[in-house]
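Structural description and commentary
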Amino acid sequence: MDWIIAHGDTDGICSAAIALAARKGSEVFFSHPSGLAEDLKQVEGNVVICDIALSSTFLQEAMAELKRIAAGGGSILYIDHHPLPRGFRKEDFPGKMAISTMSCTSELTYLEFKDLIPSDMSRVAIYGAIGDYMDNTYEIRRLLLDWEKRSMYLESGLLIQAIDAGGRDYETKRKMVSFLATNRTPSSDQEIVEKAIAEAISEEEMRKRVREEVKVFGSLAYVLDLKWSMGKSAVYARAYGKRPVGIGAETRKGRVDMSIRTSSEQIDLNELLQEIAPKHNGSGGGHPMAAGARVPEGKFFEFLEDFNALVEKNERKRTVEY
Ligand SMILES: [Mn+2]
């Protein structure tokens, strides 16, 4: 059996769709950095892993599962743009890695499979790139030359909003992957369009609620338990809290999950969170300007305190350097 394991955001879904167009009939499922090792246990055969960071906390377990799959004769293709954990040795990886932190995973997946899929699938790479704010790369700009850019923004906007509306509904995400793998447009699917418009309308309400409910702690602005997209909450919290770092947080199963965004290129959220979250029995990481973290419920405010101290120290350090 062939497998595709992807992150459940727009970039992950578009990457999975491109991989599925090349490897038809693959079983598609969704995972995340802290669940990857566990999810790999059900995999045997060839696997493509898209847009899931390798977490330093779970690296040994994930590598053990990957080695088991390779030993059983399965091929492993790991495509990602998250920074690799410190001390990771590429030569120890039991498969092929297509990695770069400069492009989104959809772009990397498209480049990997482009000889096996229709060239029109380039627009699915474009949707994924816009979803991850990474449409300004050399390759995506080149692919955009063959399309009407403004129409691509409409299509990706519909897709992004519909995915945001869906939350953790993996069955819907899987349907979207199959749909996009056949290169139909988001605007041609009534369900995607309706969900996207409803989400856009609720965004207009919710961004105002973020403005009313945002709390500020040092250099951090956060909202807790708004029951809305954590990523968007983080962006609006940062904007309305007028702080360099915004956090959208949600209490779930005894833990607090967070999406974290910064507007400052002087702050590397991935590095800071990998350092600070484990100290509070949590995990965290992602990209320099967009990342996530999870800590036990009782540790949230302690975590904020330490995280803020580190953000402020980092901002000062970088300022002095100049
Ligand atoms: Mn991504």
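Bear in mind the structure is a predicted one, so any value in this text is a computation, not a measurement. (Residues numbered from 1 in each chain as written. Predicted model: local features only at pLDDT ≥ 70, side-chain atom pairs only at ≥ 80, totals over all residues. Heavy atoms only, no water.)

Next up on the list: the coordination of the manganese ion. Protein-derived coordination of the manganese ion comes from D11 (OD), D51 (OD), H81 (NE2) and D132 (OD), at a distance range of 2.1 to 2.3 Å. In terms of primary sequence, the donors binding the manganese ion are separated according to D-x39-D-x29-H-x50-D. Taken together, the residues D51 in the loop between β3 (46-50) and α3 (59-71) and H81 in the loop between β4 (76-80) and β5 (96-99) connect sequence positions 30 residues apart. The class of D51 is buried, set by a relative accessible area of 2%. When its relative accessible area of 1% is taken as the criterion, H81 is described as buried. (Donors = N, O, S within 2.8 Å, 3.2 Å for Na, K, Ca; no water. Helix = DSSP H or I, 4+ residues; strand = E, 2+ residues; numbered from the N terminus. Buried < 20%, exposed > 50% of the residue type's maximum accessible area, 1.4 Å probe, protein only.)

A word on helix α10 (residues 230-241). Taking 1.5 Å as the rise per residue, α10 with 12 residues should run 16 Å; its terminal C-alpha atoms sit 15 Å apart, in good agreement. Of the positions making up α10, those classed as buried are M230, G231, K232, S233, A234, Y236, A237 and G241. Where α10 is buried, its residues touch α7 (149-166), α9 (190-213), β6 (215-217), β7 (220-224), β8 (245-252) and β9 (255-262). At the C-terminal side of α10, K242 shows a positive phi close to 50 degrees. (Expected span 1.5 Å × (residues − 1). Contact = heavy atoms within 4.5 Å.)

A word on the sheet that holds strand β2 (residues 27-30). Spatially, five strands are ordered β2-β1-β3-β4-β5 in an open sheet, and the strand pairing comes out parallel. The outermost strands of the open sheet, each flanked by one partner alone, are β2 and β5. Mean inter-strand twist for the sheet, computed between neighbouring axes without regard to direction, equals 15 degrees. Against the sheet, helix α1 (residues 10-22) makes contact with β1 (2-6), β2 and β3, and its axis sits at roughly 165 degrees relative to β1, the strand it touches most. (Pairing = 2+ DSSP bridges. Axes fitted to C-alpha atoms, helices over the stretch in contact; angles between N-to-C directions.)

Taken as a whole, the protein is organised into domain 1 (2-194) and domain 2 (214-321). Centre-to-centre, using C-alpha coordinates, domain 1 lies 25 Å away from domain 2. Carbon and sulfur atoms supply 40% of the area that domain 1 and domain 2 bury against each other, a total of about 990 Å² over both sides. Measuring nitrogen to oxygen at the nearest pair gives 3.2 Å for the salt bridge that ties K232 to D164. On the surface where domain 1 and domain 2 come into contact, there are four residue pairs in polar contact (both at pLDDT 80 or more). Class assignment of the residues belonging to the side of domain 1 that touches domain 2 gives a composition of two nonpolar, six polar and three charged. (Domains from an automatic or database assignment. Buried area = accessible area lost by both parts, 1.4 Å probe. Salt bridge = Lys/Arg side-chain N within 4 Å of Asp/Glu carboxyl O. Polar contact = N/O pair within 3.5 Å; in protein donor to acceptor, adjacent residues only side chain to side chain. Nonpolar A, V, L, I, M, F, W, Y, C, P; charged D, E, K, R; others polar.)

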